[in-house]
Amino acid sequence: MPTARNVTDVTATAEGTVTGTLLYMSPEQLRGETVTLDGRTDVYSLGATLYEALCGEPPHPATTAAQVTHDILERDPAP
C-alpha cells in the first residue's frame, strides 16, 4: 500500500538548473526570478496551453531552445 512521503525526503534539483517545459514557461521562470513566482506563472502557462489548443501551434514556435527562450522574453505571440 502506498504511503505519503515526508517532504524532507524529496531531493532538490541542482542549483541553476531549469525544470519545466520550455514552451509553457513564463518569462519570470526563464529569468530565474524565483522570488516572483506565484499563481500568475501558472496562469501564463495555462494561457500558453490554451493558445496552442486553439491555434494549433505554441505561442512561440521556434526550432531551438535558445530561440524559444528569446521569443518568450522579447516578443509577444502572434494574435
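Everything in this summary refers to the structure shown in the same document. On a predicted model such as this, the values are computed, not experimentally measured, just so you know.

Some words on the overall build of the chain
Looking only at helices and strands, one finds three helices and zero strands in the chain. When the elements of the chain are put in sequence order from the N terminus, they spell out α-α-α. Counting over 79 residues, the chain shows a buried share of 18%. Sequence-distant contacts in the chain: of pairs separated by 6 or more residues, those separated by 24 or more amount to 42%. Carbon and sulfur atoms provide 57% of the accessible area of the chain, an area that totals close to 6200 Å².

Describing helix H3 (residues 65–74)
Those residues of H3 not exposed but buried are Val68, Asp71 and Ile72. One side of H3 holds all its buried residues, which, seen down the axis, span an arc of 100 degrees. Summarising the geometry of H3, the exposed residues directed more than 90 degrees from the buried face are Ala66 and Glu74. Against the buried residues of H3 lie helix H1 (27–31) and helix H2 (39–55).

Quick notes on H2
Between its terminal C-alpha atoms H2 stretches 24 Å, which fits the 24 Å expected from 17 residues at 1.5 Å a residue. Of all the residues in H2, the buried ones are Thr41, Ser45, Ala48 and Tyr51. In a view along the axis of H2, the buried residues occupy a sector of 115 degrees, so they form one face of it. Across from the buried face of H2, at angles greater than 90 degrees, the exposed residues are Arg40, Asp42, Val43, Ala53 and Leu54.

Conventions adopted
Residues numbered from 1 in each chain as written. Predicted model: local features only at pLDDT ≥ 70, side-chain atom pairs only at ≥ 80, totals over all residues. Heavy atoms only, no water. Helix = DSSP H or I, 4+ residues; strand = E, 2+ residues; numbered from the N terminus. Buried < 20%, exposed > 50% of the residue type's maximum accessible area, 1.4 Å probe, protein only. Contact = heavy atoms within 4.5 Å. Areas by Shrake-Rupley, 256 points an atom, 1.4 Å probe, with all protein chains shown as cover. Arc of directions from axis to C-beta. Expected span 1.5 Å × (residues − 1).

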